[in-house]
Amino acid sequence: MSALLDVSGLVVAFGDVPTVRGVSFAVEKGQTLAIVGESGSGKSLSSLAVLGLLPPQARVTAGDIRWEGQDLLALGDTEIRRLRGEQLAMIFQDPLSALNPSLTVGYQIAEMFRRRRGMRRRQARAQAIEAMTEVGIPDAGQRFGAYPHEFSGGMRQRVMIAIALALEPKLLIADEPTTALDVTVQAQVLRLLRRRQSEGLSMIIISHDLGVVARTAQSVVVMYAGQAVETGTVADVYPAPAHPYTVGLMAASPSARDGRREVLPIEGYPPDIATLPSGCVFHPRCPFARERCRVEEPALREVAPGRSSACHYAEEVLTSGAELDHAGA
Ligand SMILES: Nc1ncnc2c1ncn2[C@@H]1O[C@H](COP(=O)(O)OP(=O)(O)O)[C@@H](O)[C@H]1O
Ligand code: SF4
Ligand SMILES: [Mg+2]
């Protein structure tokens, strides 16, 4: 059986500069994939490419995107637009920018049902209220006529989820869905997504915080400077990462640390994509780096059944386990 979504060797370029540099991932039916990495690592561009929503200056210059075996890159505008919403949906970090401020929330949800399902006004309104209730918006009947600015951040994100799920898509791409929310609301939104997941929804959940996605995803792709540096199941990767960058992300994640130990940010900054370091692109920040790392680029390779790492010393990192301190102390 083929995957629901299969992305292989994806390259997204702005002009001559490849920004996403050969990323592969797959989502099986009913499964959730987490894409994690610091800001600027290419997480959003990778998923926007899937939806055919790249910014106008960006282009897919290599690779393959298959949806239920069908070549998505070969589809025309009309066909991809039909797929979006019907089968593939996306929610964004900032729900305020994705909602129309001058239309009521209820109208914006009902409009989906009218346009895409051909419903009459009254029926679309009833459907919208039901959809709002389902995502946990209290007094949906009364809030139907409220404007986006009258909702809290958490409630707006629920509205976005209601809109994204209105047409019962098979795959939901959630790009930093909880980053703008406080911790309590974050947990509520994640619980809501997990409930839909248990009803069969497949998801890609994107976050810069490894801990946030730990209980929601089954598999994970860790991205750095436009590439996948570690992939595997959450059950394998979280307890024992096989790439120093993943170790660093783990130490830097407030939710993964769970208040048990101090949060340690990774030293330094991600490189500018236009002027990447030689050898392993992570070497200037890597506490494990040796001479070889400065000259030889590590390939993403299988280091244990079902898991890969792009580190020359992955086996060592793996066995040093949780004791490893990325700060090198
Ligand atoms: N509209 C744009 N114009 C030029 N460069 C862009 C644009 N969007 C993204 N990029 C480049 O692509 C990189 C990856 O972006 P993105 O996928 O949004 O990262 P992430 O979602 O991981 O934070 C950015 O660091 C930036 O260099
Ligand atoms: S290859 Fe070297 S620099 Fe790159 S992550 Fe591994 S140890 Fe660090
Ligand atoms: Mg992003």
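Quantities reported herein were computed from a predicted structural model and do not represent experimental measurements.

Here the focus is the domain arrangement of the protein chain. Along its sequence, the protein chain is organised into domain 1 (5-87 + 169-323) and domain 2 (95-168). Domain 1 and domain 2 are separated by 30 Å when their C-alpha centres are compared. With 18 residues of domain 1 in contact, the opposing surface of domain 2 contributes 13 residues. Both sides together, the interface formed by domain 1 and domain 2 hides about 1300 Å², and carbon and sulfur atoms give 57% of it. Here E86 and R116 are joined by a salt bridge, their closest N and O atoms 3.9 Å apart.

Reading across the sheet, the four strands line up as β2-β1-β4-β5 and stay open at both edges, with antiparallel pairing between neighbours. Of all the strands in the sheet, just β2 (17-27) and β5 (70-71) have a single pairing partner and so form its edges. Here strand β4 (residues 58-67) pairs with β5 via two bridges, running antiparallel. Residue pairing in the sheet places R66 in a bridge with D71 of β5. Across the face of the sheet, helix α1 (residues 43-51) comes into contact with β1 (5-14), β2 and β4 while running at roughly 110° to β1.

In this section: the packing of aromatic side chains. Counted according to the given criterion, the structure contains three aromatic pairs. Ring geometry for Y224 and Y245: centres 4.6 Å apart, planes at 55°, overall tilted. Of the two residues, Y224 is situated in strand β9 (residues 219-224) and Y245 in helix α11 (residues 244-252); the sequence distance between them amounts to 21 residues. Look at Y224 and you get buried, because its relative accessible area is 1%. By relative accessible area, which is 0% here, Y245 ends up buried. Arranged with centres 5.1 Å apart and planes meeting at 80°, the rings of Y224 and F282 form a pair that is edge-to-face. In this pair, Y224 is assigned in strand β9 and F282 in the loop between α12 (254-257) and α13 (291-295), connecting sequence segments 58 residues apart. Judged by its relative accessible area of 2%, F282 is buried. One residue, R143, lies across the ring of F151, its end atom 5.7 Å from the ring centre. Over the ring of Y313 we find R290, and its NZ or CZ is 3.9 Å from the ring centre.

Take the pattern of salt bridges next. The final tally for this structure, using the stated rule, is 15 salt bridges. Across the pair K43 and E176 runs a salt bridge whose closest N-O atoms are separated by 4.0 Å. Of the two residues, K43 is situated in helix α1 and E176 in the loop between β7 (171-175) and α8 (183-198); the sequence distance between them amounts to 133 residues. Classification of E176 as buried rests on a relative accessible area of 9%. Between E315 and R301 there is a salt bridge, and its shortest N-O distance comes to 2.9 Å. Placement of E315 in helix α14 (residues 314-320) and of R301 in strand β11 (residues 301-304) is noted, with a sequence separation of 14 residues between them. Here E315 falls in the partly exposed class, since its relative accessible area comes to 37%. Salt bridges here are not isolated pairs; linked through shared partners, they connect E134, R195, R196 and E199.

Alternating residues of strand β6 (residues 88-91) divide into L88 and M90 and A89 and I91, and every residue in both groups is buried. With four bridges joining them, β6 and β7 adopt parallel strand pairing. The residue bridging M90 from the neighbouring strand is I173, located in β7.

This part takes up the pairing of β7. The element β7 is extensively covered by neighbouring structure, given that five of its five residues are classed as buried. Burial along β7 is two-sided: the face carrying L171, I173 and D175 and the face carrying L172 and A174 are both buried. In this sheet, strand β8 (residues 202-207) lies alongside β7 in parallel orientation, the contact comprising five bridges. Each bridged residue has a counterpart across the sheet, and for A174 the counterpart in β8 is I205. Once you follow β7 into α8 and on to β8, the crossover reads as right-handed.

Conventions adopted
- Residues numbered from 1 in each chain as written.
- Chains lettered and ligands numbered in written order.
- Predicted model: local features only at pLDDT ≥ 70, side-chain atom pairs only at ≥ 80, totals over all residues.
- Heavy atoms only, no water.
- Domains from an automatic or database assignment.
- Contact = heavy atoms within 4.5 Å.
- Buried area = accessible area lost by both parts, 1.4 Å probe.
- Salt bridge = Lys/Arg side-chain N within 4 Å of Asp/Glu carboxyl O.
- Pairing = 2+ DSSP bridges.
- Helix = DSSP H or I, 4+ residues; strand = E, 2+ residues; numbered from the N terminus.
- Axes fitted to C-alpha atoms, helices over the stretch in contact; angles between N-to-C directions.
- Phe/Tyr/Trp six-rings, centres within 6.5 Å; stacked < 30°, edge-to-face > 60°.
- Buried < 20%, exposed > 50% of the residue type's maximum accessible area, 1.4 Å probe, protein only.
- Lys NZ or Arg CZ within 6 Å of the ring centre and 35° of its normal.
- Right-handed = clockwise from strand over helix to strand, strands pointing away.

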